[in-house]
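# Descriptive structure summary
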Amino acid sequence: MTRSNEVTTRTERKERMDWVDIIKATSVVLVVLLHVTQSLSFAVDGTVIAGFWNGVMTFLEPLRMPVFFIVSGILASSAVKRPWAFTKARTVGILYLYLLWHTLLTWFAILVDLVAKGYTEGMVTEALHDYFFQIFLTPGGYWYFYALVLYFVLARLLRNVNPWLVLGVAASLNLARPLVTGTINEVLAPLGVSNMMAAVVMNAVYFLAGVYLVQFFKDYAMRNDSQLLVGTATVAILGSVARLINPQLAAVSFLPIAIAWVLTAILVAVRLQNNERVVAFGRYVGPRTLPIFVIQFVVLEMVYTVLGLYGAPLLNGSPLLQLLYPILLTLAITAMSLWIYDKAIARRGWRRLFKAPEAWTAKPAVAPTVPAERDGRSTGELPVLQA
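The present account deals with the structure reproduced in this document. Remember, predicted model here, so these are calculated numbers, not experimental data.

### Let's talk about the packing of helix α5 (residues 143-157) against helix α8 (residues 197-212)
Two numbers describe how α5 lies on α8: the axes approach to 9 Å, and their chain directions differ by 50°. Judged by the angle between their axes, α5 and α8 are oblique. Regarding α5 and α8, the two cross each other, and that crossing is right-handed. Packed against α5, whose contacting residues are W143, Y146, A147, L148, L150, Y151, F152 and A155, the element α8 presents M197, A199, V200, V201, N203, A204, F207, L208 and Y212 at the interface.

If you want it as structure tokens, here you go:
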């Protein structure tokens, strides 16, 4: 290969990673925005502004988590082919983060309640009851980590099975959403614990699509077809509008709409690679999705407590504040999470909040027979969304 060809290959690879980072960064911000909007409804449910923000979240639902999981699958696709010993970062590493932050959030919530409300009978017992059941049976707020480990192990175990068969089963479960979700919730109802297990099952098809159709998505990202972009965007927008104005569709699968949104998001992200500021945003925030995702729940735990005490009178008196609240708090949580992460990663002991001990995820000295993973561009790139 000539030097010029090498430069071209590196440039194309860099551009592909830029669109991935742009999608990752945007997706995690949308996830935070969803949870912040839910806190607004908690404080002032029924207002016009709260209804508007709930409508925005309903409109974006077919985009938010599907594109996040498809990108996760794309970046995990090469690791699925490796021996188990070379995949510890995606199994042990993510399981470590799931258990760590699930535990930290549980005890932090107890502490916040103690300070704000004082001790109430059964508080600790109830919290620990939820904690133990949510670890493996009914994942809570950190269900994303739970899902990543489960999806990766599933894809690894089924790597020799016809991928269209695996995708077909996952898609069938998604398309049967009312039946599957109803059955899961009914089975888990006796536990008396809020659960996200239905979301885990519904999103499996997107991660697996990223794993099995990785080459399709890479080739698709190289296209610069304006007509295709307009077509997919039209389908995505009309589909989301239909869900918005027909509440009865909320419980029905939105798989076709999600596919249109994902294809649209990829083409838009590729075009945004020409904008230096957007690229800078993606390169900085994209590899740091993990700290934003985990820290948001800690902040929101305090936010809910404050809103429960003072939120309704404060927000009800200002429609403008209601309108700006989701945007301002989302930006604040994102900036705070990035700042905390950058400070913590510089301190050896605090790194354990965001990355498992290296001895737990170290690879064997002998290289695997499949192509090695790409190296992260910065020390901040973590295994959650890293190839």
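Moving on from the model shown.
### Some words on helix α11 (residues 255-272)
Its 18 residues place the ends of α11 25 Å apart at the C-alpha level, agreeing with the 26 Å of an ideal helix rising 1.5 Å per residue. Where burial is concerned, most of α11 is hidden: 13 out of the 18 residues are buried.

### What about a nonpolar patch on the surface?
Side chains of F52, L320, L323, L324, I327, L328 and L331 sit close together on the surface and give an oily, nonpolar patch of about 630 Å² of accessible area. The biggest single contributor to the nonpolar patch is helix α14 (residues 319-345), with six residues. With a relative accessible area of 34%, L324 lands in the partly exposed category.

### Observations concerning the environment of V252
Mapped onto the fold, V252 is located in the loop between α10 (226-245) and α11. When the C-alpha positions of V252 and L100 are compared, they lie 34 Å apart, and in sequence the two are 152 residues distant. With residues up to four places along the chain from it excluded, the contact list for V252 reads R177 and P178.

### Section: the side chain of R288
Structurally, R288 can be placed in the loop between α12 (276-285) and α13 (289-316). Reaching out from R288, the side chain makes a polar contact with the backbone oxygen of Y284 at a distance of 2.9 Å.

### Some points on the packing of aromatic side chains
All told, the structure shown has 23 aromatic pairs when counted by the stated rule. Residues F59 and W261 carry aromatic rings whose centres are separated by 5.8 Å and whose planes lie at 80° to one another, so their mutual orientation is edge-to-face. Residue F59 is located in helix α2 (residues 48-80), and its partner W261 is located in helix α11; the two are separated by 202 residues in the primary sequence. Accessibility expressed as a relative area gives 10% for W261, which makes it buried. The interplanar angle of 45° and the centroid separation of 5.7 Å between the aromatic rings of F69 and W143 together place this pair among those described as tilted. With F69 in helix α2 and W143 in helix α5, this pair connects stretches of sequence that are 74 residues apart. According to the relative accessible area criterion, W143 is buried, its value standing at 9%. Between the NZ or CZ atom of R156 and the centre of the ring of W84, over which it lies, the distance is 4.7 Å.

### Details of the packing of α2 against α10
α10 packs onto α2 with a crossing angle of 135° between their chain directions and a minimal axis gap of 8 Å. Taken together, the axes of α2 and α10 lie oblique to each other. With respect to the hand of their crossing, α2 and α10 are arranged in right-handed fashion. Mapping the contact onto sequence places G55, T58, F59, E61 and P62 in α2 and I237, S240, V241, R243 and L244 in α10. Grouping the constituent residues of the contact of α2 with α10 by class yields five nonpolar, three polar and two charged.

### Structural notes on the pattern of salt bridges
Scanning all chains against the criterion turns up six salt bridges. Put simply, E61 and R177 hold a salt bridge, and the shortest N to O gap is 3.9 Å. One end of the pair, E61, is in helix α2; the other, R177, is in helix α7 (residues 177-188), with 116 residues separating them in the sequence. Residue R288 pairs with D342 through a salt bridge whose shortest N-O separation is 3.4 Å.

The rules behind each value
- Residues numbered from 1 in each chain as written.
- Predicted model: local features only at pLDDT ≥ 70, side-chain atom pairs only at ≥ 80, totals over all residues.
- Heavy atoms only, no water.
- Axes fitted to C-alpha atoms, helices over the stretch in contact; angles between N-to-C directions.
- Helix = DSSP H or I, 4+ residues; strand = E, 2+ residues; numbered from the N terminus.
- Parallel < 35°, antiparallel > 145°, perpendicular 65-115°, else oblique.
- Left-handed = near helix turned anticlockwise from the far one by under 90°.
- Contact = heavy atoms within 4.5 Å.
- Expected span 1.5 Å × (residues − 1).
- Buried < 20%, exposed > 50% of the residue type's maximum accessible area, 1.4 Å probe, protein only.
- Patch = residues over 30% accessible without salt bridge, like charges linked within 9 Å, V, L, I, M, F, W, Y side chains within 5 Å.
- Areas by Shrake-Rupley, 256 points an atom, 1.4 Å probe, with all protein chains shown as cover.
- Salt bridge = Lys/Arg side-chain N within 4 Å of Asp/Glu carboxyl O.
- Polar contact = N/O pair within 3.5 Å; in protein donor to acceptor, adjacent residues only side chain to side chain.
- Phe/Tyr/Trp six-rings, centres within 6.5 Å; stacked < 30°, edge-to-face > 60°.
- Lys NZ or Arg CZ within 6 Å of the ring centre and 35° of its normal.
- Nonpolar A, V, L, I, M, F, W, Y, C, P; charged D, E, K, R; others polar.

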